[in-house]
Amino acid sequence: MASEVHRVELDEVEVSKADIDIFNSFASVHVVAEGTLEKRGFWNTAWKPRYFVLDNKGRIFYYKLKEHRDAGKFAGMIALTSACSVSRVKDRDGKNASFDLYVPANGSFVDRTFHLSASNEEMCEKWVDAIKRVKDNIHYVCFPGDNSWW
């Protein structure tokens, strides 16, 4: 049985610029920041370089190698919410360009603090600012157990 297509003609539709901006923010994904940071492991507390990519949807993917990015082989993903916090750490294990990213429990996940370090203080500030900017502009609500927005 063939399905029928019904078309509706509209004489005039008014859409505000704010509505278009909100739609575009949902519709397009783009990279806000990317580069190599050192990450201190949760179980193995050694610092290891990882390639990080922050997108405008509040997702931070990290890869063991930059080359893994194009192949989609990420080692982990951090989902930002408005409840996350990011803060500079002056000196951690001799690393002066460090920051912590706190991600509260969400559904099946537990509270987690990611310890990260940039190559220098300028890069550290850029990452902290980018994460704060994205976190403060998240337009969706993620309910525990709902991963459909990924």
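Bear in mind that the values here come from a model prediction, so they are computed numbers and not experimental data. Counting restarts for each chain, with residues numbered from 1 along the sequence as it is written. Per-residue local features are limited, in this predicted model, to residues with pLDDT of at least 70; the limit for side-chain atom pairs, both in listing and counting, is 80 or more; totals at the level of whole chains, interfaces and linings are taken over all residues. Working from all heavy atoms in the structure, the side-chain values ignore hydrogens and water.

(A) Representation of helix 3 (residues 121–135). Every helix listed is a DSSP run of H or I at least four residues long, and every strand listed is a run of E at least two residues long, numbered separately from the N terminus. One fewer than the residue count of a helix, multiplied by 1.5 Å, yields its expected span. The end-to-end C-alpha separation of helix 3 is 21 Å, in line with the 21 Å expected for 15 residues at 1.5 Å each. By definition, residues are in contact when any of their heavy atoms lie within 4.5 Å. For helix 3, the secondary structure elements touched by its buried residues are strand 1 (31–40), strand 2 (47–55), strand 3 (59–63), strand 5 (85–89) and strand 6 (98–103). Two to three positions downstream of the cap, the backbone nitrogen of Glu122 sits 3.1 Å from a side-chain oxygen, assigning the N-cap of helix 3 to Asn120. For this analysis, a polar contact is any N or O atom pair within 3.5 Å, provided that within protein one partner can donate a hydrogen and the other can accept it, and provided that sequence-adjacent residues contribute only side-chain to side-chain pairs.

(B) Representation of the confidence of the model for the protein chain. Residues at a pLDDT of 70 or more form 72% of the protein chain, whose mean pLDDT is 81. Mean pLDDT across the secondary structure elements of the protein chain bottoms out at helix 1 (residues 17–27), with 60, and peaks at strand 2, with 96. Every residue gets a pLDDT, meaning the predictor's confidence in that residue, from 0 to 100.

(C) A look at the side chain of Asp55. Inspection of the secondary structure puts Asp55 in strand 2. Exposed residues in this analysis have more than 50% of their type's maximum accessible area, buried residues have under 20%, and partly exposed residues fall in between, with area computed by a 1.4 Å probe over protein chains only. Exposure remark for Asp55: the relative accessible area of 5% places this residue in the buried category. Only 2.9 Å separates the side chain of Asp55 from the backbone nitrogen of Lys57, close enough to count as a polar contact. Engagement of the side chain of Asp55 in a polar contact is seen with the side chain of Arg59, the distance being 2.8 Å. Leave out the neighbours within four places in its chain, and Asp55 touches Val29, His30, Val31, Val32, Phe61 and Val134.

(D) Quick peek at the nonpolar core. Counting 24 residues, the largest nonpolar core has Leu54, Ile60, Leu80, Phe99, Leu101, Trp127 and Ile131 as its most contacted members. Of the residues forming this core, the biggest block, six residues, is contributed by helix 3. Think of a nonpolar core as a cluster: buried Ala, Val, Leu, Ile, Met, Phe, Trp, Tyr and Cys residues, connected wherever their side-chain atoms sit within 4.5 Å. Ranked by size, the runner-up nonpolar core spans six residues in total, among them Tyr51, Val53, Phe61 and Ala79.

(E) Region of interest: the pattern of salt bridges. By convention in these notes, a salt bridge is any Lys or Arg side-chain nitrogen within 4 Å of a carboxyl oxygen on Asp or Glu. Considering all chains together, one arrives at nine salt bridges under this definition. One salt bridge in this structure joins Arg88 and Glu121, with 3.7 Å as the shortest N-O distance. On the criterion of sequence distance, the pair formed by Arg88 in strand 5 and Glu121 in helix 3 is long-range, its members being 33 residues apart. Judged by relative accessible area, which is 22%, Arg88 ranks as partly exposed. The exposure class assigned to Glu121 is partly exposed, which follows from its relative accessible area of 41%. Put simply, Arg88 and Glu125 hold a salt bridge, and the shortest N to O gap is 2.6 Å. In this pair, Arg88 is assigned in strand 5 and Glu125 in helix 3, connecting sequence segments 37 residues apart. A single network of salt bridges, built from pairs that share partners, joins Arg88, Glu121 and Glu125.

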